[in-house]
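# Residue-level structural notes
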Amino acid sequence: MECRVLSIQSHVVRGYVGNKSATFPLQVLGFEVDSINSVQFSNHTGYGHWKGQVLTAEELNVLYEGIKLNNVNHYDYILTGYSRDISFLVTVVDIIKELKKANPSLVYVCDPVMGDQGAMVSSYPHTSSYAKWQPLLLFCDIIFHRLLTGRKINTEEDAIEVMDLLHKMGPETVVLTSTDLPSKQGDQFLVALGSQKIKKPDGTNTDQKICMDIPKVDAVFVGTGDLFAALMLAWTHQHPKDLKTACEKTVSVMHHVIKRTITYANEMAGPGKRPTPAQLELRMVQSKADIENPAIVVEAKVL
Ligand code: ADP
Ligand code: PLP
């Protein structure tokens, strides 16, 4: 059955962040993707220079109105990433409310990243309280952790507490895509965790919590969070009641893409040189086969 995603994220002319990072893998995995570009920049903001335009809340509304007038505002998923400011977020919430009315089983996948007037995309809401995100969380089904609970995660218990707190605010599925927790496999690994609420046949709730040790690559990648969110959407669609498998497939694709990217970047940079942001752009098109059918290289542990 056809599955349609509305993805509201950044667009870049060169490279892979936001919609550029999400659309290709979703299409490869069979999804129809309708994209609204929340910004259009020349490249991501980690380069020496960047130029471009930011979509205002009013402009977002105009685009949505057009879709609605043609009665094609029917979606199975909505995916949002980086948001410039609160007014944009408020409009997004209004759109989600309408879309959920039209399709009560619509799934909202939220990667809550907030920048400052489009400038500092990577400045996650460290200091802001999660109150800012609360209206969104109410409608959110799958969420990724971006320090938005305002709590520091020092131990696995902290991580579990944060995931349970986020569940209480709405989302059924919570993923902490990367944490500073020490890995049992050593300092060459980063730890990610996930939790999914499950309704038992008797009506009561339980949950599945998982933990993954991800091999760390010594470089800073951009667009990986956006790719992670798109892949989780796709693999939870395939495995709706099996967070372990969805996470293993997601993280394994990430691993293949990142390996291919660092190999290429190092080759381009030459011996002893750190690759530039341009050389570190994700090798997305080259990873098509891995996206479609990932060899599982990271196993999730059920907690
Ligand atoms: P972002 O860097 O985009 O904010 P995260 O740091 O949460 O996003 O990373 C998202 C996912 O991308 C991680 O779960 C991991 O799979 C992958 N990833 C990102 N950076 C690295 C890295 N340096 N080494 C290995 N995996 C990485
Ligand atoms: N959108 C834009 C325009 C960016 O510049 C960035 C990062 O610099 C992102 C989104 C987010 O990328 P990531 O997936 O690494 O969080």
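Residues numbered from 1 in each chain as written. Chains lettered and ligands numbered in written order. Predicted model: local features only at pLDDT ≥ 70, side-chain atom pairs only at ≥ 80, totals over all residues. Heavy atoms only, no water.

## Some points on the overall build of the protein chain
- The helix and strand tally for the protein chain stands at 8 helices and 10 strands.
- For the protein chain, the C-alpha radius of gyration of 19 Å lies close to 19 Å, the compact-globule estimate for 303 residues.
- With respect to the principal axes defined by its C-alpha atoms, the protein chain has extents near 55 × 50 × 40 Å.
- Among the 303 residues that make up the protein chain, the fraction classed as buried is 50%.
- In the protein chain, the proportion of contacts linking residues at least 24 apart, taken out of those at least 6 apart, comes to 68%.
- When the accessible surface of the protein chain is totalled, it reaches about 14,300 Å², and 53% of it is carbon and sulfur.
- Charge centroids of the protein chain, computed over 30 positive and 33 negative side chains, lie 2 Å from each other. (Helix = DSSP H or I, 4+ residues; strand = E, 2+ residues; numbered from the N terminus. Rg over C-alpha atoms; globule rule 2.2 N^0.38 Å. Buried < 20%, exposed > 50% of the residue type's maximum accessible area, 1.4 Å probe, protein only. Contact = heavy atoms within 4.5 Å. Areas by Shrake-Rupley, 256 points an atom, 1.4 Å probe, with all protein chains shown as cover. Lys, Arg positive; Asp, Glu negative; His and termini not counted. Charge placed at Lys NZ, Arg CZ, Asp CG, Glu CD.)

## As for the sheet that holds strand 4 (residues 77-80)
- Overall, mixed pairing links the 10 strands, which are arranged 3-2-1-4-5-6-7-8-9-10 in an open sheet. Bordering the open sheet on either side are strand 3 (52-54) and strand 10 (301-302), each of which pairs with just one other strand.
- Inspection of the sheet shows strand 7 (residues 173-179) paired to strand 8 (residues 189-199) by 5 bridges, in the antiparallel sense. Residue pairing in the sheet places leucine 176 in a bridge with leucine 193 of strand 8. (Pairing = 2+ DSSP bridges.)

## Digging into the pairing of strand 1 (residues 4-12)
- Within strand 1, 8 of the 9 residues are buried, which leaves it mostly tucked inside the rest of the structure.
- Relative to strand 2 (residues 32-41), strand 1 is paired through 8 bridges, and the arrangement is parallel. Note on strand 2: the bridge partner recorded for histidine 11 is glutamine 40.
- A crossover connection joins strand 1 to the parallel strand 2 through helix 1 (residues 18-28); in handedness this β-α-β unit is right-handed.
- Pairing geometry for strand 1 and strand 4, over 4 bridges, is parallel. Paired with leucine 6 across the bridge in strand 4 is isoleucine 78. (Right-handed = clockwise from strand over helix to strand, strands pointing away.)

## A look at the packing of helix 6 (residues 224-238) against helix 7 (residues 243-269)
- As a packed pair, helix 6 and helix 7 sit with axes 9 Å apart at the nearest point and diverge in direction by 140°. When the axes of helix 6 and helix 7 are compared, the crossing they make is right-handed. Packed against helix 6, whose contacting residues are Thr224, Leu227, Phe228, Leu231, Met232, Trp235 and Thr236, the element helix 7 presents Leu243, Ala246, Cys247, Lys249, Thr250, Val251, Val253, Met254, Val257 and Ile258 at the interface.
- A breakdown of the residues in the contact of helix 6 with helix 7 according to their chemical character gives 13 nonpolar, 3 polar and 1 charged. (Axes fitted to C-alpha atoms, helices over the stretch in contact; angles between N-to-C directions. Left-handed = near helix turned anticlockwise from the far one by under 90°. Nonpolar A, V, L, I, M, F, W, Y, C, P; charged D, E, K, R; others polar.)

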